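# Breakdown of the fold
Chain by chain, the residues:
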Amino acid sequence: MPDTAQITASYGRRFIVRTPAGAVFDATTRKKRVDFACGDWVRISPVNSEQAVIEDYLPRQSLLYRQDAWKTKLIAANVDKLFIVTAAVPAPNELLLQRALLAAEAAGIGAVVVANKADLPETADWLEKLSFYESLGYPVIETRALDNADNLRPLMQGHTNIFLGQSGMGKSTLTNALLGSDTARVGEISTALDSGKHTTTHAQLYDLNEQTKLIDSPGLQEFGL
Ligand SMILES: Nc1nc2c(ncn2[C@@H]2O[C@H](COP(=O)(O)OP(=O)(O)OP(=O)(O)O)[C@@H](O)[C@H]2O)c(=O)[nH]1
Ligand SMILES: [Mg+2]
């Protein structure tokens, strides 16, 4: 008998789903379908107490995706607030920021620009660039994820939020600060390449509290629309 559940982790073809009662299953799809995303509500058929098959997704409130020359990749479903995580180090890509803002507009969801690593002296110049986006109406919030991320909490409360951005900007560090634990794996950045190392490899949904969810996502390098 089909049940409903939410996808809390997406590994491409394998998923973790969780029912409203809190049962967690390893899930696969039929016919190698990959059109499911973290945050999706789905109908599942349990196989046993640990495994289930995803039958279909329920109507989505929103869908974030990116596109390269070959295919469309789903980022997350049912998110209603996008936090674009930026930092002065490694070098931020302004085009990627603009594309993420466009994706938020296309999905009809609110966007916030996070200027993380505000403890670094390089941040001053980057904040100057970001003032343009603030003048367009996007909130720009400075964070120091190594201390805390408490100033993001009021903006996130009651929403399904996502951290999106380049590798190495501190999405998982912010996630851990909000969770108050070291749940999400955090990576070094490469000074030689001036980039992150793609530490987070799959989208993962966390509960911040009963009404508030947060998806930590893998770093983007390109972001076609
Ligand atoms: N100085 C400073 N370093 C930070 C801050 N936040 C994160 N970092 C460091 O930045 C590096 C990358 O952090 P991650 O949280 O792994 O970055 P990410 O955005 O999750 O990267 P991917 O998972 O690869 O997309 C780590 O070495 C963190 O310790 C901050 O506020 N200040
Ligand atoms: Mg990460």
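Scroll up to find the structure.
All of these numbers come straight from a predicted model, not from anything done at the bench.

What counts, and at which threshold
Residues numbered from 1 in each chain as written. Chains lettered and ligands numbered in written order. Predicted model: local features only at pLDDT ≥ 70, side-chain atom pairs only at ≥ 80, totals over all residues. Heavy atoms only, no water. Near = heavy atom within 4 Å. Polar contact = N/O pair within 3.5 Å; in protein donor to acceptor, adjacent residues only side chain to side chain. Areas by Shrake-Rupley, 256 points an atom, 1.4 Å probe, with all protein chains shown as cover. Helix = DSSP H or I, 4+ residues; strand = E, 2+ residues; numbered from the N terminus. Nonpolar A, V, L, I, M, F, W, Y, C, P; charged D, E, K, R; others polar. Axes fitted to C-alpha atoms, helices over the stretch in contact; angles between N-to-C directions. Parallel < 35°, antiparallel > 145°, perpendicular 65-115°, else oblique. Left-handed = near helix turned anticlockwise from the far one by under 90°. Contact = heavy atoms within 4.5 Å.

Residues in contact with ligand 1 amount to 23 residues; listed here are only the nearest, Asp119, Ser167, Lys171, Thr173 and Thr200. In the environment of ligand 1, a nitrogen atom lies 2.8 Å from a nitrogen or oxygen atom belonging to the side chain of Asp119. Note that an oxygen atom of ligand 1 is positioned 2.8 Å from one of the backbone N or O atoms of Gly187. In isolation ligand 1 offers 660 Å² of accessible surface; the protein chains occlude 90% of this area. When residues in the shell around ligand 1 are grouped by element, the largest group, three residues, is from helix H4 (residues 171–179). Grouping the constituent residues of the shell around ligand 1 by class yields seven nonpolar, 12 polar and four charged.

On to the packing of helix H1 (residues 94–107) against helix H2 (residues 123–135). Packing of H1 against H2 leaves a shortest axis separation of 12 Å and a crossing angle of 30°. The angle between H1 and H2 falls in the class roughly parallel. Relative to H2, the crossing made by H1 is right-handed. Counting all contacts with H1, which are made through Glu94, Leu97, Gln98 and Leu101, the residues of H2 involved are Trp126, Lys129, Leu130 and Tyr133.

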